[in-house]
Amino acid sequence: MASEAVTPRADRRLRRARAATLVSLASGIWASVLLPAVGLTREADPGRVVLGTVGILAFVIAQTVVLYAAVTPWLDRRWRRRAELSLVAVAVLTVPLVGPVAAGRWPTWAWLGAALIGMTPLLVRWRAGLTVAVGVLAVAVAVAWWTGGSVPRHLAVTGGIGAAVAAVNGFQVWFWDLLVEARQGQAAQARLAAAEERLRFARDVHDVLGHRLTVIALKAELAARLAPVDPQRAGREAAEVQRLAASALSEVRETVHGYRAVDLDEQLTAVVGVLRSCGVRCTVLPLPADLPQPAAIELAAVLREASTNVLRHSRADWCRIRIDREDDVARMTVANDGVDDSGPDAHSHGLRGLADRLAAAGGELRVRREDAIFTLEATVPAPS
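The residue numbering used here restarts from 1 in each chain and proceeds along that chain's sequence as written. Local features in a predicted model are, by the rule used here, given only for residues with pLDDT of at least 70; side-chain atom pairs are given and counted only at 80 or more, and totals for whole chains, interfaces and linings are based on all residues. Side-chain figures throughout are based on the complete set of non-hydrogen atoms in the structure, without hydrogens or water.

## Focus: the overall build of the chain
Quick note on the threshold: Note on conventions: DSSP H or I runs of at least 4 residues are helices, E runs of at least 2 residues are strands, and numbering of each starts at the N terminus. When accessible area is computed with a 1.4 Å probe and restricted to protein chains, residues below 20% of their type maximum are described as buried, those above 50% as exposed, and intermediate ones as partly exposed. All accessible areas in this document rest on Shrake-Rupley with a 1.4 Å probe, and a residue is counted as covered only by the protein chains that are shown.
Tallying secondary structure elements over the chain gives 11 helices and five strands in all. Within the chain, buried positions represent 41% of all 384 residues. Surface accessibility of the chain: about 20,400 Å² in total, with carbon and sulfur atoms responsible for 62%.

Rendered as structure tokens:
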């Protein structure tokens, strides 16, 4: 049975795989549904032809809705259940509507029974599917007995054709589930990488502040106790508290600076890994060997924001990252496809903050969008 986990609609590759799976499933199932129409051509009673046509069309519509729901994991579970119940109701109605069509000359309903068995992998697990198949075969036997048709022929069509269609559909649904789970795993991997980085920073801040704040608290408590009996020593302890607080603040600033000033090579490796894990083809040109450290720090910040935009604001299939140096200017260009109207622009908060940061460092940020391609270009001073 198709995965019920929620999958983002913005995943272009998954949408393409879903479309291919939907077409493949539909072609196999609808082929088995077209064969009951042969019975309509062999039926002499116009009333039965009309009723049979209504029954077959209703079955095709209900089947199409269930087929769509089976490969659309972001649909609400209640909507999916209603679609499945509708198919069951329509299948029951097809017995009196389609069963008598071409009675004794063509196993009309048996082909609908085969389609029902073929759809079981889309609806239930395989154990429950066996129960459904036995029930459908029993109905096929009853229809054959009621209409005077051949019981072996009805069983052969419903059971044999149905089992073959179910095997093919089961494989496709299993493969679709694997695709959904793989994409969910890639998204979880990206979230985990971000969470691990936040935890690392939190640990660093805790290590810096934990000891310092403990000492400051003890010194302040000591100064408070000494104030009534030894004001001079209390003053010295208070001065020591002030010195420790200033030192702790300085260490925190150094830690934050170190966090923000990530090595460009490390940042590039991390960004490429995350993008590729999310299915984005990433092309990176070699970094210039003589890039000054201040310029590399600023470009690392640009790269972080650019990669965030690729993941959040696009359905990218590819991303190109280029960093070069000309004279006293270092330039980074990040381009990706898959941008729609909701993508980033020069007025987004992240890009505005980045532009302000680069301007303070003497650099510049430019963005442009051409059709579905978004390009971010940042320049920073890189004196020799």
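## Quick word on the packing of helix H3 (residues 46-70) against helix H5 (residues 108-123)
Working note: a packed helix pair is described by the angle between its axes plus the distance between those axes. Definition in use: Here the axes come from fitting lines to C-alpha atoms, over the contacting stretch only for helices, and the angles between their N-to-C directions go from 0 to 180 degrees. Angular relationships are summarised with four words: roughly parallel below 35 degrees, roughly antiparallel beyond 145, roughly perpendicular across 65 to 115, and oblique for the angles in between. It is the rotation of the near helix from the far one that decides the hand of a crossing: anticlockwise by less than a right angle makes it left-handed, clockwise makes it right-handed. We call two residues contacting when some pair of their heavy atoms lies within 4.5 Å.
Close contact between H3 and H5 brings their axes to 11 Å; oriented N to C, the two are set at 15°. Between H3 and H5, the interaxial angle falls into the category roughly parallel. Two packed elements cross with a definite hand, and for H3 against H5 that hand is left-handed. Within the contact between the two elements, H3 uses Phe-59, Gln-63, Val-66, Leu-67 and Ala-70 and H5 uses Leu-112, Ala-115, Leu-116, Met-119, Leu-122 and Leu-123.

## Some words on the pairing of strand S5 (residues 373-381)
Heads up, the condition is: Paired strands, as defined in this entry, are two strands with at least two bridges between them according to DSSP.
With seven of nine residues buried, S5 lies mostly within the body of the structure. Inspection of the sheet shows strand S3 (residues 329-336) paired to S5 by eight bridges, in the antiparallel sense. When the bridges of S5 are listed, Ala-335 appears paired with Thr-375. If you look at the hairpin formed by strand S4 (residues 364-370) and S5, you'll find two residues sitting between the two strands, and Asp-371 has a positive phi there, around 60°.

## What to know about the nonpolar core
Basically, it comes down to this: Residues grouped as a nonpolar core are buried Ala, Val, Leu, Ile, Met, Phe, Trp, Tyr and Cys residues, joined through side-chain atoms within 4.5 Å.
Counting 38 residues, the largest nonpolar core has Phe-59, Val-66, Leu-87, Trp-109, Leu-116 and Leu-122 as its most contacted members. Breaking this core down by element, the ones donating at least two residues are helix H1 (12-34), H3, helix H4 (77-98), H5, helix H6 (126-147) and helix H7 (151-226). For this core, the element with the highest residue contribution is H5, accounting for 10 residues. Counting 34 residues, the second-largest nonpolar core is a separate cluster that includes Ala-306, Val-310, Ala-316 and Val-334.

## Brief notes about the pattern of salt bridges
The cut-off we apply is this: Criterion for a salt bridge: a side-chain nitrogen of Lys or Arg within 4 Å of a carboxyl oxygen of Asp or Glu.
For the coordinates displayed, the defined rule picks out 11 salt bridges. Ionic pairing is found between Arg-357 and Glu-298, a salt bridge with its closest N-O pair at 2.9 Å. Note that Arg-357 is positioned in helix H11 (residues 349-360) and Glu-298 in helix H10 (residues 293-313), a separation of 59 residues in sequence. In this structure, a network of salt bridges that share partners links the residues Glu-326, Arg-331, Glu-364, Arg-366 and Glu-377.

## Focus on the sheet that holds S3
Read across the open sheet, the five strands follow the order S1-S2-S3-S5-S4; overall the sheet is mixed. Each edge of the open sheet carries a strand with a single partner, namely strand S1 (281-284) and S4. Between one strand and the next, the sheet's axes are offset by a mean angle of 10°, whatever the strand orientation. Note: strand S2 (residues 318-326) against S3, eight bridges, orientation antiparallel. By the bridge assignment, Asp-324 is partnered in S3 with Arg-331.

## Observations concerning the side chain of Arg-80
Under the convention used in this document: Whenever a nitrogen or oxygen atom comes within 3.5 Å of another N or O atom, the pair is scored as a polar contact, on the condition that within protein one atom can donate a hydrogen and the other can accept it, and that pairs from neighbouring residues in sequence are kept only if both atoms are in side chains.
Along the chain, Arg-80 turns up in helix H4. For Arg-80, the side chain forms a polar contact with the main-chain oxygen of Ala-69, separated by 2.5 Å. Sequence-distant contacts of Arg-80, defined by excluding residues within four places in its chain, comprise Ala-69, Ala-70, Thr-72, Pro-73 and Leu-75.

## Brief notes about the UniProt feature "transmembrane region" (unreviewed entry) in the chain
The cut-off we apply is this: UniProt positions are given in the numbering used here, feature names are shortened, and annotations may be inferred rather than shown by experiment.
When the UniProt feature table is mapped onto this chain numbering, "transmembrane region" (unreviewed entry) sits at residues 19-38, 50-71, 83-102, 131-148 and 154-176. The annotated region residues 131-148 carries 94% helix and 0% strand content, and the separation between its end C-alpha atoms amounts to 26 Å. Split by type, residues 154-176 is 100% helix and 0% strand. Its first and last C-alpha atoms lie 32 Å apart.

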